[in-house]
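Tertiary structure, described
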Amino acid sequence: MTRPIESIDRRSMLGGLASMGGLAASGTLLTVSPGSAADAFRIRLQLGWLASNGVMGEVAADALGYFAEEGLELEIVPGGPNIDGVASVASGANNFGSISSSPSLMLARSAGIPIKCIAAGYQRHPFTYFSLERSPVREPADLVGKKVATQGTARILLRALLAKNGIAEDDVEVSVMGGDMGPLMTGQVDVVTGWKTNINALSILGDDRVDMALWDTGIQLYANPYYTTDSVLAEHRDKVEATIRAISRGWGWAFSNPERAVDFLIERYPNLDRDSELGAVGLVLGYSFDNSTAENGWGTMTRENWQAQIDIYDQLDQFAGQPPALDDLMTLEILDATADVRPKLG
């Protein structure tokens with residue numbers, strides 16, 4: 001899975017609000033396209049990234065007929081670097097979304113966009129700091145004096161990591177990178193960043209690779225959170241619950257049938273490399289299921305974790321106005337309503 005963390009800054013978020021022409025404040029946010037069947041409700045799932053193994057469960061659920069059983073029709077709308085997925089959902093162009101990282105939702109809600117998180121796809125965030133044995137970074141203190149290359153949208157994550165661990169920003173030399181890990185191999189930098197599930201990009205680093213997960217540094221974000229708008233929740237809550245039931249069943253099936261899940265993924269997206277996806281599927285499922293999901297089911301999340309995220313971003317002065325209220329940002333009601341269906345695996 002190749003995608004950066006979408007950490008939206010103040011200017012881009014406010015610009016997005018302006019480009020929406022006030023739709024976010026109008027309350028008329030839902031546009032539902034008719035399905036192919038007269039009684040099918042179409043779920044237009046807007047991604048915050050190009051389609052890849054992050055929708056393995058959705059693809060499996062669709063192929064197995066789980067959406068159809070719920071009276072739904074699924075359309076997966078790919079995102080990308082030039083697509084504002086949150087604005088797309090908030091404007092009503094699409095009625096459901098999944099984005100790479102939870103900070104995007106916090107910043108959107110703070111800026112007045114009425115979206116709300118209803119489930120967490122990954123229990124731990126795959127974002128990782130990669131180094132080599134010649135100059136290893138195994139814990140935050142090892143960053144002192146190092147040259148770190150990170151994606152422009154992920155610089156706030158490094159700032160949060162440093163602040164959380166009492167390290168001065170001047171103690172680290174930071175540059176901006178894309179998806180190329182080459183500068184680490186040539187010695188231009190000591191550390192590069194990316195998603196641990198991106199098997200293709202990481203292959204260049206070989207056996208000398210050293211990983212420091214963002215999660216393990218104390219910055220514990222959710223990845224692939226699912227969200228919709230306040231109005232969709234109010235007007236079509238039954239469809240939102242049905243969507244989560246279908247998606248969770250798909251991910252549960254993928255957990256038990258990983259190779260076949262990869263086959264479904266390649267059938268839908270033939271541009272993906274099957275060998276690479278087979279190499280990544282264990283990681284993807286490992287981030288999707290853990291002890292928390294074994295107890296509480298796929299998609300679980302906690303109020304405590306969300307509040308901790310709000311607090312660290314507030315400390316770093318990242319919100320355009322007031323930090324979002326927890327109950328405006330997320331709800332556990334959809335997870336509670338689907339608790340009997342969401343697979344308890346880990």
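Relevant structure appears above.
Below is a summary of the structure that appears in this document. (Residues numbered from 1 in each chain as written. Predicted model: local features only at pLDDT ≥ 70, side-chain atom pairs only at ≥ 80, totals over all residues. Heavy atoms only, no water.)

**Some thoughts on the overall build of the chain**
On a plain count of helices and strands, the chain comes out with 17 helices and 10 strands. For the chain, the residues scored as buried account for 56% of the 346 residues in total. For the chain, the accessible surface area stands at approximately 13,800 Å², while carbon and sulfur atoms represent 47% of it. (Helix = DSSP H or I, 4+ residues; strand = E, 2+ residues; numbered from the N terminus. Buried < 20%, exposed > 50% of the residue type's maximum accessible area, 1.4 Å probe, protein only. Areas by Shrake-Rupley, 256 points an atom, 1.4 Å probe, with all protein chains shown as cover.)

**Topic: the sheet that holds strand S10 (residues 223-229)**
Reading across from one edge, S2-S1-S3-S10-S4 is the order of the five strands in this open sheet, with mixed pairing throughout. The strands lining the two open edges of the sheet, one partner per strand, are strand S2 (72-77) and strand S4 (115-122). When the angles between neighbouring strand axes are averaged without regard to direction, this sheet yields 25 degrees. In terms of strand pairing, strand S1 (residues 41-47) meets strand S3 (residues 96-98) through three bridges, oriented parallel. By the bridge assignment, Gln-46 is partnered in S3 with Gly-97. (Pairing = 2+ DSSP bridges. Axes fitted to C-alpha atoms, helices over the stretch in contact; angles between N-to-C directions.)

**Some words on the packing of helix H3 (residues 56-63) against helix H11 (residues 237-256)**
In the contact formed by H3 and H11, the axes pass within 7 Å of each other and the chain directions differ by 100 degrees. With respect to H11, the axis of H3 lies roughly perpendicular. Across the interface between the two elements, Met-56, Gly-57, Glu-58, Ala-60 and Ala-61 from H3 touch Ala-246, Ile-247, Gly-250, Trp-251, Trp-253 and Ala-254 from H11. Tallied by class, the residues present in the contact of H3 with H11 amount to eight nonpolar, two polar and one charged. (Parallel < 35°, antiparallel > 145°, perpendicular 65-115°, else oblique. Contact = heavy atoms within 4.5 Å. Nonpolar A, V, L, I, M, F, W, Y, C, P; charged D, E, K, R; others polar.)

**Notes on the packing of aromatic side chains**
Evaluation of the coordinates by the stated rule reveals nine aromatic pairs. The interplanar angle of 45 degrees and the centroid separation of 6.4 Å between the aromatic rings of Phe-96 and Tyr-226 together place this pair among those described as tilted. Placement of the pair is Phe-96 in strand S3 and Tyr-226 in strand S10, with a sequence separation of 130 residues. Assessed through its relative accessible area of 1%, Phe-96 is described here as buried. Classification of Tyr-226 as buried rests on a relative accessible area of 2%. (Phe/Tyr/Trp six-rings, centres within 6.5 Å; stacked < 30°, edge-to-face > 60°.)

**Thoughts on the sheet that holds strand S5 (residues 127-132)**
Strand pairs in the sheet, formed through backbone hydrogen bonds, run parallel or antiparallel to each other. Read from one edge to the other, the open sheet built from five strands follows the order S7-S6-S8-S5-S9, with strand pairing classed as mixed. This sheet does not close on itself; its edge strands, each paired only once, are strand S7 (173-176) and strand S9 (209-213). On average, each strand axis in the sheet is inclined to that of its neighbour by 30 degrees, with strand direction left out of account. Pairing of strand S6 (residues 147-150) with S7, which is carried by four bridges, proceeds in the parallel orientation.

**Considerations on the pattern of salt bridges**
In this structure the tally under the stated criterion is 19 salt bridges. A salt bridge links Glu-75 to Arg-42; its shortest N-O distance comes to 3.8 Å. Of this pair, Glu-75 sits in strand S2 while Arg-42 sits in strand S1, placing them 33 residues apart in sequence. Judged by relative accessible area, which is 27%, Glu-75 ranks as partly exposed. Since its relative accessible area comes to 19%, Arg-42 is described here as buried. Close ionic contact of Glu-169 with Arg-159 constitutes a salt bridge, the shortest N to O distance being 2.9 Å. Of this pair, Glu-169 sits in the loop between helix H7 (155-164) and S7 while Arg-159 sits in helix H7, and the two are 10 residues apart along the sequence. (Salt bridge = Lys/Arg side-chain N within 4 Å of Asp/Glu carboxyl O.)

**Focus: the packing of helix H6 (residues 103-110) against helix H15 (residues 303-315)**
Where H6 meets H15, the closest approach of the two axes is 11 Å, and the angle between their N-to-C directions is 70 degrees. On the basis of their axis angle, the class for H6 and H15 is roughly perpendicular. Every pair of crossing elements has a handedness; the one defined by H6 and H15 is right-handed. In this structure, H6 contributes Pro-103, Leu-105 and Met-106 to the contact, and H15 contributes Trp-306, Gln-309, Ile-310 and Tyr-313. By residue class, the composition of the contact of H6 with H15 is six nonpolar, one polar and no charged. (Left-handed = near helix turned anticlockwise from the far one by under 90°.)

**With respect to unusual backbone geometry**
Positive phi values are uncommon outside glycine, yet Asn-224 reaches one of about 55 degrees. Position of Asn-224 relative to the elements: it lies in strand S10. The phi dihedral of Asp-317 is positive, around 60 degrees, even though this residue is not glycine.

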